[in-house]
Amino acid sequence: MVEIEKQQGLRVRASEFLKRALRPAFRQILAAIQVFLEESVLVGNAEKVEYRHNQIEMRYQHHLGEVFGKLLISFVNARPQAGSGFAKMFSVEFCHVCAGLQCVEKLIGFELPHGNPPHQLCESFLADLPVHIAKLHEGSVTQHGAIAGRVTISGFGMSNIIILGAQWGDEGKGKIVDLFCDRFDIVVRYQGGHNAGHTVQIGAQKFVLKLIPSGILHPGKRAVIGNGLVIDPAALLSEMQALESLGIDVAAQLSISNRAHVLFPYHRTMERMLESIGTTSRGIGPCYEDKAGRRGIRVADLLDTERFGARFESVAAEKAAVARTFGIAEELDPARVRAEYEGFAERIRPLVCDTARLLNEAMNAGKNVMFEGAQATMLDLDHGTYPFVTSSSASAGGACTGTGVPPTRIHAIVGVAKAYTTRVGGGPFPTEALDAMGEQIRQRGNEFGSVTGRPRRCGWFDIPQVRYAAMLNGLDSLVVTKLDVLDELEKIPVCVTYRSGRREVTDMPATTAALDAIEPVFECLPGWRKSTAGIANYEELPQRARDYLAYLENRIGVEIGCISTGPERKQTIVRKGSRFAKLFQ
């Protein structure tokens, strides 16, 4: 039902009558409404919000009022529902929007034909709904910079997605990020340092990326190093040079946060005291320690020619004193290191900017962003197997703190897990296979660190652990990689629960002592004893391979929407009809 009022502008009402009359199109009407409702700015910037009985009314002032006027929403139940977003929370039934007709015309780009009956206007609008949605958001951002939010909604594909590890790292995130880069405008790395390596294989060529996001391999894509990283400039410049030698225009594609912290040689010296937990000895942890201790030096400080020298010399003197106290004899030449880093500063200066602003403005303009995690959930500083963890937030929350992008702008989170489990370094590993089977997996899967070359510890798929990761991150879908590594096995053990004595352990133990004490309970599934290498169609997988995936999916409670059957891009299965397929359509 559409009313046209000359003095009061355009008034659109979705009523019970409209539901019955245009039932096939009503879902699209709700979709258009959800574009507004999913924008947290509606509530955040409302001058006045009133709740009464079964309605919520929001009024806006100044330029926001010109766009939204008054928004009146009727809902069935004000209690939060499962899922995210304003529409889901309030179980919206209809929406009543009043706005100036001239403003609406300008934003959504349709003209009101004089004399046209209301139903023709409604039909015209519905027919071009996807175009109107895009133009509406684009127009609102262009005219009113304060308006920020999601560009697309369920059913039209997603905009901003996090891809992260669901185990202890090395799950094959680099391949997945690279595979779907063409659907995104920007790929941003949000935590970690050059201790994390992402391997991407394109034909016969193999790329190992340590600091630079995988998106750099795609011409025209923006690769961003976020504020949550710690950057060794020497390692970064070496990586840039290697990519440039392969014909990649790094200078045109890479942006570096001015708020990222800088790693210095003395950080590697400090890390000698942490070798007991199996670190990579690249100085990552001590650099994060300085960050938390508010004595770190950021990229912006490095580029501050007038003040950097004094700041560096003060911190370097402090580190030298600590090294002497712990009997570490290595002496660094502060003057040489300072001069070297001042040279690094000039080489990276053209690439440095406020990447939080870059990302938010790109989203305002309708661009899509992929967030690339390093390490994995079980190495998260807060939620992993502490203290055998990394020094940053490797779970989904780190994407926001590590980039300056608010959580309301994240549309989906995808986890990546191997068809078995690996871990590098020390720490608890409940399903580790310390026998010939573990060695067989290591050799078939080439389980050696892409950065360090260290052999990875190998074991069986751990359902309680991946289920824990799914809960922490709110996974929408799961990618299972290296399925082909299990092809030769007659039986495949899977950990289904933990036990401590006679008691079943339902929560992930918080201490390493408790994790070491638990006993994994295995179920053995039949192997398929057929090659799955390179298969790109789900129906072509052996039945027992599909049974294995279905078993994991049902026990974890998250769909397996994508399966990797080899290192190359084309050796990937995207399951038709899955949420994953819809996210990346």
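S.K.: Got a minute to help me understand the overall build of the chain in this structure?
M.R.: For the chain, the count of helices and strands is 23 helices and 26 strands. Split into buried and exposed, the 585 residues of the chain put 53% on the buried side.

S.K.: Is there a simple way to explain the sheet that holds strand E11 (residues 222-225) in this structure?
M.R.: The strands making up a sheet are joined through hydrogen bonds of the backbone, oriented either antiparallel or parallel. On the basis of which strands lie adjacent, the open sheet formed by ten strands has the order E15-E13-E11-E8-E16-E7-E17-E21-E25-E26 and mixed pairing. Bordering the open sheet on either side are strand E15 (352-353) and strand E26 (572-574), each of which pairs with just one other strand. The pairing of strand E7 (residues 160-165) with strand E16 (residues 369-372) spans four bridges and is classified as parallel. Bridge pairing in E16 places Ile 162 opposite Phe 371.

S.K.: Even after reading the chapter, I still don't get the environment of Ser 578, so can you show me in this structure?
M.R.: For Ser 578, the position within the fold is in the loop between E26 and helix H23 (579-583). Judged by relative accessible area, Ser 578 falls into the buried class, the value being 7%. Residues Ser 578 and Gly 561, spaced 17 residues apart in sequence, show a C-alpha to C-alpha distance of 5.5 Å. Setting aside its immediate chain neighbours within four residues, Ser 578 contacts Glu 559 and Gly 561. Looking at Ser 578, its side chain comes within polar contact range of the main-chain nitrogen of Ala 581, at 3.1 Å.

S.K.: Looking at this structure, I do not really get the pairing of E7. What am I missing?
M.R.: Regular strands have side chains that alternate between both faces of the sheet. The buried fraction of E7 is high, at six of six residues. Neither face of E7 is open: one carries Asn 160, Ile 162 and Leu 164, the other Ile 161, Ile 163 and Gly 165, and all of them are buried.

S.K.: What should I look at first to understand helix H17 (residues 355-364) in this one?
M.R.: Residue pairs three or four apart in sequence face the same way in an α-helix, which turns once every 3.6 residues. Along H17, the residues classified as buried are Thr 355, Leu 359, Asn 360, Ala 362, Met 363 and Asn 364. Taken from the residues just after H17, Gly 366 is the one with a positive phi, measuring 90 degrees.

S.K.: It is not clear to me how the packing of helix H20 (residues 463-473) against helix H22 (residues 543-556) should be interpreted in this structure. Could you clarify?
M.R.: Each pair of packed helices gets described by two things: the angle between the helix axes and the distance between those axes. It is the contact of H20 with H22, at a shortest axis distance of 9 Å, that shows an interaxial angle of 55 degrees. Relative to H22, the element H20 lies oblique. Classified by chirality, the crossing of H22 by H20 is right-handed. Contacts between H20 and H22 involve Ile 463, Val 466, Arg 467 and Ala 470 from the first element and Tyr 551, Leu 552, Arg 555 and Ile 556 from the second. Residues belonging to the contact of H20 with H22 are distributed by class as follows: six nonpolar, no polar and two charged.

S.K.: Looking at this model, I keep getting lost on the pattern of salt bridges. Mind explaining?
M.R.: Opposite charge on two side chains permits pairing when their charged atoms draw close. Evaluation of the coordinates by the stated rule reveals 25 salt bridges. Among the salt bridges present, the one from Asp 354 reaches Arg 259, with a minimum N-O distance of 3.5 Å. One end of the pair, Asp 354, is in the loop between E15 and H17; the other, Arg 259, is in the loop between strand E13 (254-257) and strand E14 (261-262), with 95 residues separating them in the sequence. Glu 447 is the salt-bridge partner of Lys 482, the closest N and O atoms lying 3.1 Å from each other. Remark: Glu 447 occurs in the loop between helix H19 (436-444) and strand E19 (457-459) and Lys 482 occurs in the loop between strand E21 (477-481) and strand E22 (491-500); sequence separation between them is 35 residues. Relative accessible area serves as the criterion here: at 23%, Lys 482 is assigned to the partly exposed category. Residues joined by salt bridges that share partners form a network here, namely Asp 170, Lys 418, Glu 447, Arg 456 and Lys 482.

S.K.: I keep staring at the nonpolar core and nothing clicks. Help me out?
M.R.: Taken as a class, soluble globular proteins show a tendency for nonpolar side chains to be buried jointly. If you look at the biggest cluster of nonpolar residues, it comprises 55 residues, and the most contacted ones within it are Ile 162, Phe 371, Leu 478, Leu 483, Tyr 548, Leu 552 and Ile 556. Broken down by element, this core gets its largest block of residues, six residues, from H22. Counting residues in each nonpolar core, the second largest holds 37 residues, with Val 250, Leu 254, Ile 256 and Ile 297 among its members.

S.K.: Help me understand helix H15 (residues 308-325) in this model?
M.R.: For H15, which comprises 18 residues, the first-to-last C-alpha distance of 26 Å matches the rise-based estimate of 26 Å (1.5 Å per residue) to within 8%. Of all the positions in H15, only Phe 308, Gly 309, Phe 312, Val 315, Ala 316, Lys 319 and Ala 323 are classed as buried. With its buried residues spanning 140 degrees around the axis, H15 presents them on a single face. Exposed residues lying more than 90 degrees from the buried face of H15 are Ala 310, Ser 314, Arg 324 and Thr 325. In this structure, the buried residues of H15 make contact with helix H12 (265-270), helix H13 (284-292), helix H14 (299-302) and helix H16 (334-348). One or two steps after H15, the chain reaches Gly 327, where phi turns positive at roughly 75 degrees.

S.K.: When you look at the confidence of the model for the chain in this model, what are you seeing that I'm missing?
M.R.: Detailed conclusions should not be drawn from predicted coordinates in areas where pLDDT is low. Looking at the chain as a whole, its pLDDT mean stands at 78, while 69% of the residues score no less than 70. Low pLDDT, under 50, characterises residues 1-45; the stretch is placed with 91 contacts to residues that sit more than four places away or in other chains.

S.K.: Which parts of the structure should I look at to understand the packing of aromatic side chains?
M.R.: The geometry of two aromatic rings is summed up by the distance between their centres and the angle between their planes. Under the definition given, this model contains 13 aromatic pairs. When the ring centre of Tyr 538 is taken as reference, the NZ or CZ atom of Arg 575 above it lies at 4.3 Å.

S.K.: Can you walk me through the side chain of Lys 418 in this structure?
M.R.: Along the chain, Lys 418 turns up in strand E17 (residues 412-418). On the basis of relative accessibility, which here comes to 0%, the residue Lys 418 falls in the buried class. Reaching out from Lys 418, the side chain makes a polar contact with the backbone oxygen of Asp 170 at a distance of 2.9 Å. Other than its neighbours up to four places away in sequence, Lys 418 contacts Gln 167, Asp 170, Glu 171, Glu 447, Arg 456, Phe 461, Val 480, Thr 481 and Lys 482.

S.K.: What is the right way to read the side chain of Asn 227 from this model?
M.R.: As for its position among the elements, Asn 227 is in the loop between E11 and strand E12 (230-231). For Asn 227, the side chain forms a polar contact with the main-chain oxygen of Thr 401, separated by 2.9 Å. Contacts of Asn 227, omitting those with residues within four sequence positions, involve Ser 257, Arg 259, Ala 260, Lys 291, Thr 355, Thr 401, Gly 402, Thr 403 and Gly 404.

S.K.: Looking at this model, I keep getting lost on unusual backbone geometry. Mind explaining?
M.R.: Backbone phi values are negative for most residues with the exception of glycine, while trans is the configuration of most peptide bonds. Look at the link from Tyr 386 to Pro 387: it is a cis peptide, with omega at 5 degrees. With respect to the helices and strands, the residue Pro 387 is situated in the loop between E16 and helix H18 (397-401). The phi torsion at Asn 446 lies on the positive side, around 50 degrees, for a residue other than glycine. Among the structural elements, Asn 446 can be located in the loop between H19 and E19. Notably, Lys 482 is not glycine yet its phi reads approximately 55 degrees, a positive angle.

S.K.: What am I meant to see in the environment of Ala 362 here?
M.R.: Along the polypeptide, Ala 362 turns up in helix H17. According to the relative accessible area criterion, Ala 362 is buried, its value standing at 8%. Distance from Ala 362 to Asp 185, taken between C-alpha atoms, is 8.8 Å for residues 177 residues apart in sequence. The contacts of Ala 362, once residues within four sequence positions are left out, are Ile 186 and Lys 367.

Rules and cut-offs
- Residues numbered from 1 in each chain as written.
- Predicted model: local features only at pLDDT ≥ 70, side-chain atom pairs only at ≥ 80, totals over all residues.
- Heavy atoms only, no water.
- Helix = DSSP H or I, 4+ residues; strand = E, 2+ residues; numbered from the N terminus.
- Buried < 20%, exposed > 50% of the residue type's maximum accessible area, 1.4 Å probe, protein only.
- Pairing = 2+ DSSP bridges.
- Contact = heavy atoms within 4.5 Å.
- Polar contact = N/O pair within 3.5 Å; in protein donor to acceptor, adjacent residues only side chain to side chain.
- Axes fitted to C-alpha atoms, helices over the stretch in contact; angles between N-to-C directions.
- Parallel < 35°, antiparallel > 145°, perpendicular 65-115°, else oblique.
- Left-handed = near helix turned anticlockwise from the far one by under 90°.
- Nonpolar A, V, L, I, M, F, W, Y, C, P; charged D, E, K, R; others polar.
- Salt bridge = Lys/Arg side-chain N within 4 Å of Asp/Glu carboxyl O.
- Core = buried A, V, L, I, M, F, W, Y, C linked by side-chain atoms within 4.5 Å.
- Expected span 1.5 Å × (residues − 1).
- Arc of directions from axis to C-beta.
- pLDDT = per-residue confidence, 0-100.
- Phe/Tyr/Trp six-rings, centres within 6.5 Å; stacked < 30°, edge-to-face > 60°.
- Lys NZ or Arg CZ within 6 Å of the ring centre and 35° of its normal.

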